Amino acid sequence: MGVMKRVTMVFRAKANKALDRMEDPRETLDYSYQTQLELLQKVRRGVADVATSRKRLELQVNQLQQQTNKLDRQARDSLAAGREDLAREALTRKAGIQTQLDDLQTQYESLQVEEEKLSQASQRLQAKVDAFRTRKETIKATYTAAEAQTRINEAFTGISEEMGDVGLAIQRAEDKTAQMRARAGALDELMASGALEDMVSGPHDDIQAELDRMGAGQGVDRELEQMKRELAQSEPRQIEMGDVSQASQRADDKTAEMRARAAALDNGAQPGSSDGASAEAASAATVDDPAGEPE
Amino acid sequence: MIVRILGEGQFEVADSAVAELNNLDAALEAAVDRNDEDAFRPALAALLAKIEAVGTPAKPDDLRPSELIIPQPDATMADVRRLLTDEGLIPG
């Protein structure tokens, strides 16, 4: 006899034992229906419990994901700053977190499967419980105790098999969520105690501290460079301004010289005939005048 | 004929497929009896795959009991052994 038959016989034996306890099958149908409703409640609670565990796991996965992202960024920043040693340290820590993360993700997926299975089992049980209720009312209304017995047997065996299966599914789900809760609790404690936080990030993050220190150092260097550049630029500007004032001084000197010459020419030209050159010189002096000598 | 895969629900399987299922089941049982974990897993997988291939899911409100019940896909050999004892896994 194969495994299938033997398992089936065990299920049947359970159902038969329960049936044997019934004195008037019609009365016990109501009792059986009550236990079915209770199991239905239990399997629904089971679905909710698995969902809670799954969500908690989801939160932890997200937290760890953020931490690996941060370490990745730090590694890039370190490498950009020419600190391969620091980048290596960040990547090593990231690898440690990644192992945890992969593990959690696998568990998360298996919990999702469990949740889906239990939810389907709950729907199947609901359908059978509804069918059983209808059957029960028919049997109670239509048959005598003796006639009812055989009709009840099949329905009862069918639903007790389903209940046995759902009961097993609930046990499996409970075991899995209990394991998951223990794990999630340990990880939460690790995070709360700061042990993981210290290792990865947070206020005591030595990689970030080093990067910040380097960042601040670079800031000072940049400012120094900036100041040097500003100083270097302001010197030639002074020279330029010196040139301009010298040039304007020269222009002033020339204007004065021109004016003196023009006056001399004016004086000299008056007794004699008209002199084109002196007139030209005079007009040139007048043109030069407003530019050369501001009043 | 109705066959149940634990945790997966019931399947309607044509009677003509029973001989084939019994052969696969015999291999599974031999693996359990020999305590042969390496043979157990593929034997269980083959049996389950066969049922899913030849069977169609039964209506969920069908109250008929199953003629054959197969352990769930992730069952271990220890799970199967406990299923086979009266005080085993099955609650109530």
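Just above sits the structure.
Residues numbered from 1 in each chain as written. Chains lettered and ligands numbered in written order. Predicted model: local features only at pLDDT ≥ 70, side-chain atom pairs only at ≥ 80, totals over all residues. Heavy atoms only, no water.

Secondary structure assignment for chain B yields three helices and four strands. Order of helices (α) and strands (β) in chain B, N terminus to C terminus: β-β-α-α-β-β-α. The buried share among the 92 residues of chain B stands at 48%. Carbon and sulfur atoms make up 52% of the accessible area of chain B, which totals about 4,200 Å². (Helix = DSSP H or I, 4+ residues; strand = E, 2+ residues; numbered from the N terminus. Buried < 20%, exposed > 50% of the residue type's maximum accessible area, 1.4 Å probe, protein only. Areas by Shrake-Rupley, 256 points an atom, 1.4 Å probe, with all protein chains shown as cover.)

Moving on to the interface of chain B and chain A. Chain B puts 38 residues into the contact, and the matching count from chain A is 35 residues. Carbon and sulfur atoms make up 60% of the area that chain B and chain A hide from each other, which totals about 3,400 Å². Joining chain B to chain A, the criterion identifies 18 residue pairs in polar contact (both at pLDDT 80 or more). Where the side of chain B that touches chain A is concerned, the elements lending two or more residues are strand S1 (2–5), strand S2 (9–12), helix H1 (18–34), strand S4 (68–70) and helix H3 (77–83) of chain B. The greatest single-element share of the side of chain B that touches chain A, amounting to six residues, is contributed by H1 of chain B. Class assignment of the residues belonging to the side of chain B that touches chain A gives a composition of 18 nonpolar, eight polar and 12 charged. (Contact = heavy atoms within 4.5 Å. Buried area = accessible area lost by both parts, 1.4 Å probe. Polar contact = N/O pair within 3.5 Å; in protein donor to acceptor, adjacent residues only side chain to side chain. Nonpolar A, V, L, I, M, F, W, Y, C, P; charged D, E, K, R; others polar.)

The next point concerns helix H1 (residues 3–20) of chain A. Taking 1.5 Å as the rise per residue, H1 of chain A with 18 residues should run 26 Å; its terminal C-alpha atoms sit 26 Å apart, in good agreement. Val 3, Met 4, Val 7, Thr 8, Val 10, Phe 11, Ala 15, Ala 18 and Leu 19 of chain A are the residues of H1 of chain A that are buried. (Expected span 1.5 Å × (residues − 1).)

Positive phi values are uncommon outside glycine, yet Asn 35 of chain B reaches one of about 60°. Structurally, Asn 35 of chain B is set in the loop between H1 and helix H2 (37–54).

Our focus in this paragraph is the side chain of Thr 68 of chain A. Note that Thr 68 of chain A resides in helix H2 (residues 25–80). With sequence-adjacent residues up to four places away left out, Thr 68 of chain A is seen in contact with Lys 94, Ile 97, Gln 98 and Leu 101 of chain A.

Now for the pattern of salt bridges. Counted under the stated rule, the structure contains 27 salt bridges over all chains. The closest approach of N and O atoms between Glu 84 of chain A and Arg 88 of chain A, which form a salt bridge, is 3.6 Å. Taken together, the residues span about one helical turn, with Glu 84 of chain A and Arg 88 of chain A both in helix H3 (residues 84–142) at a distance of four residues. The two residues Glu 84 of chain A and Arg 88 of chain A agree in class, both being exposed. When salt bridges that share partners are traced, they join Arg 124, Lys 128, Glu 161, Glu 162 and Asp 165 of chain A together with Arg 4 of chain B into one network. (Salt bridge = Lys/Arg side-chain N within 4 Å of Asp/Glu carboxyl O.)

All names here are of chain B. For the pair H1 and H2, interaxial distance at closest approach is 9 Å and the crossing angle is 160°. The pairing of H1 with H2 is recorded here as roughly antiparallel in orientation. Judged by the sense of rotation from one axis to the other, the crossing of H1 with H2 is left-handed. Residues Glu 20, Leu 21, Leu 24, Asp 25, Ala 27, Leu 28, Ala 31, Val 32 and Arg 34 of H1 form the contact with H2, whose participating residues are Ala 39, Phe 40, Ala 43, Leu 44, Ala 46, Leu 47, Lys 50 and Ile 51. (Axes fitted to C-alpha atoms, helices over the stretch in contact; angles between N-to-C directions. Parallel < 35°, antiparallel > 145°, perpendicular 65-115°, else oblique. Left-handed = near helix turned anticlockwise from the far one by under 90°.)

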